[in-house]
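Single-letter residue listing:
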Amino acid sequence: MSTAPQLVVHRDKELMAQAAAARLITKIVDAQASRGSASVVLTGGRNGNGLLAALAAAPARDAIDWSRLDLWWGDERFLPEGDPERNVTQAREALLDAVPLDPERVHAMPASDGPHGSDVDAAAAAYAEELAAAADLSDHAPVPSFDVLMLGVGPDTHVASLFPELPAVREKDRTVVGVHGAPKPPPTRVTLTLPAIRAAREVWLLAAGEDKAEAAEIALSGAGEIQAPAAGAYGRTRTLWLLDSAAASRLPRALYPPASA
Ligand SMILES: O=C(O)[C@H](O)[C@@H](O)[C@H](O)[C@H](O)COP(=O)(O)O
C-alpha cells in the first residue's frame, strides 16, 4: 500500500538541509525512546551529504544516542575502500567521523576491493544477506523496518542507483542488486531495490536546486516507477518530499503549503 506523498518546501537548500536534519534528530530520538534503537538509511549526493553536514552542526545533535543507531546505505558507488567518491567516505567526512557510533552498527556496502573483488553482483547479494540477518519476523521484507530511509532525487528522477528504464528499477524480488552501466558515474553500483525501499516505515525524498524541478514535477504528477523511479519510492507509514523553492518551482501550487519563511 503506497502512502500518498506529503511535501514540505523550504526557502532554499541550506534551510532544507537544516530543517531535514532537525526532523531526523527528532525521528531518531523518538525511535530510540520507543524501541530502544533506531535504523536509518543514508543516501549519497549533494543533498544527502548536505543534510549530514547540517546534522553535524546541529545544536541538538547529541540528543541522539549514537551508540544505538544502525546506519545502512540506499546505494553505493562500487569503488575501492576509502575512495573519495564512495558515499560512505563522504558520509564519514560530513558526519560519521565526528560522532560516537558503534562501528558494528555502521553497515557500509561492500567496496570493489573487498571480499567479493570486482564481482558487484556478489557484493550486492552479500549486502542483502546482511540486511536479512538484521530483519525480524515483524518486518515486511527481508530487511529491517527502517525508521527513515532517505533518498536524494536525481535530475532524471533516479533514486538510490535505480535509474529510469534500467533493470534494477524493475526488480521485484531481490532487496539489493548490482548496477552496471549507470548513467551517473561511476557506472558500477550497488543499490537497494524498490521492494527494500518500500519496507521502510518512512521514506524521505530530498530534492533541492533548480536542476531537480523537472524531476519533482514528473515524479509527483503520476509518472510510472520505471520511467520515474522516484515515483515508486514510498514508505509504509509515510512518504515525505523535502524540497526547496527552486526544486518545487514547477509543481502545482495546490500540492504544497506556502514555503517556509
Ligand atoms: O550515489 C549517488 O549518487 C546517490 O546516492 C544518488 O542517488 C544521489 O542521491 C542522487 O543522484 C542525487 O544527487 P545530488 O543530491 O548530488 O543531486
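Relevant structure appears above.
Reference entry: report on the structure contained in this document. (Residues numbered from 1 in each chain as written. Predicted model: local features only at pLDDT ≥ 70, side-chain atom pairs only at ≥ 80, totals over all residues. Heavy atoms only, no water.)

1. Here we look at the overall build of the chain
To keep it simple, the criterion reads: Here a strand is any run of E in DSSP of at least two residues, a helix any run of H or I of at least four, and the numbering for each starts at the N terminus. Atoms considered for the radius of gyration are the C-alpha atoms alone. The globule rule reads 2.2 Å times the number of residues to the power 0.38. Each residue gets one of three labels from its accessible area relative to the maximum for its type: buried under 20%, exposed over 50%, partly exposed in between, using a 1.4 Å probe on protein chains only. When checking whether two residues touch, look at their non-hydrogen atoms; a contact exists if any pair is within 4.5 Å. Here the Shrake-Rupley method, with its probe set to 1.4 Å, supplies the accessible areas, and only the displayed protein chains count as covering residues. His is not counted here, nor are the chain ends, while Lys and Arg score as positive and Asp and Glu score as negative. To locate a charge, take NZ of a lysine, CZ of an arginine, CG of an aspartate or CD of a glutamate.
Within the chain one finds seven helices and nine strands. Taken against the 2.2 N^0.38 rule, which gives 18 Å for 261 residues, the C-alpha radius of gyration of the chain at 17 Å falls within 12% of a compact globule. Seen through its principal axes, the chain has C-alpha atoms that stretch 50 × 40 × 35 Å. Taken across its 261 residues, the chain has 54% of its residues classed as buried. Across the chain, contacts joining residues at least 24 apart in sequence account for 76% of those joining residues at least 6 apart. Entry remark: accessible area of the chain is about 10,700 Å², with carbon and sulfur atoms responsible for 55%. Computed over 24 positive and 34 negative side-chain charges, the separation of the two mean positions in the chain equals 6 Å.

2. Some remarks on the sheet that holds strand β7 (residues 189-192)
This is how the line gets drawn: Two strands make a pair as long as DSSP finds a minimum of two bridges between them. A fitted line through C-alpha atoms serves as each axis, taken over the contacting stretch for helices, and the angle formed by two N-to-C directions is quoted from 0 to 180°.
Here we have three strands laid out as an open sheet, ordered β4-β7-β6, and antiparallel in their pairing. In the strand order of this sheet, the two ends are held by β4 (75-77) and β6 (176-179), each with one partner. For this sheet, the mean angle separating the axes of adjacent strands, direction not counted, is 15 degrees. In the sheet, β4 pairs with β7 via three bridges, with the strands oriented antiparallel. Residue pairing in the sheet places Arg 77 in a bridge with Arg 189 of β7.

3. What about the side chain of Ser 161?
Just so we agree on the cut-off: We define a polar contact as two N or O atoms separated by no more than 3.5 Å, with the added condition that, inside protein, one atom must be a possible hydrogen donor and the other a possible acceptor, whereas residues neighbouring each other in sequence contribute only through side-chain atom pairs.
Mapping Ser 161 onto the fold places it in the loop between β5 (148-152) and α5 (167-170). A relative accessible area of 1% places Ser 161 in the buried class. Here the side chain of Ser 161 touches Asp 75 through a polar contact of 2.6 Å, side chain to side chain. Aside from chain neighbours lying at most four places away, what touches Ser 161 is Asp 75, Ala 168, Val 179, Arg 189, Val 190 and Thr 191.

4. Quick notes on the side chain of Glu 171
With respect to the helices and strands, Glu 171 occurs in the loop between α5 and β6. Other than its neighbours up to four places away in sequence, Glu 171 contacts Val 177, Thr 193 and Pro 195.

5. Some remarks on the pairing of strand β3 (residues 69-73)
The line we're drawing: With the strands aimed away from the viewer, a crossover counts as right-handed if its path from the first strand over the helix to the second runs clockwise.
Counting buried residues along β3, five of its five residues qualify, which places the element largely inside the surrounding structure. In this sheet, β3 lies alongside strand β2 (residues 38-42) in parallel orientation, the contact comprising five bridges. From the neighbouring strand, Leu 42 faces β3, where its bridge partner is Trp 73. The handedness of the β2 to β3 crossover, carried by helix α2 (residues 45-57), is right-handed.

6. Thoughts on the sheet that holds β2
Taken in spatial order, the six strands make up an open sheet running β1-β9-β8-β5-β2-β3, and their pairing is parallel. Every other strand in the sheet has two partners, leaving β1 (5-10) and β3 as the edge strands with one partner each. The sheet shows a mean angle of 20 degrees between the axes of neighbouring strands, direction not considered. Of the pairings in the sheet, the one linking β1 to strand β9 (residues 238-244) comprises six bridges and is parallel in character. By the bridge assignment, His 10 is partnered in β9 with Asp 244.

7. Topic: unusual backbone geometry
Put simply, Pro 185 and Pro 186 share a cis peptide bond, and its omega is -5 degrees. Position of Pro 186 among the secondary structure elements: in the loop between β6 and β7. Unusually for a residue other than glycine, Thr 157 sits at a positive phi of about 75 degrees. On the secondary structure map, Thr 157 appears in the loop between β5 and α5.

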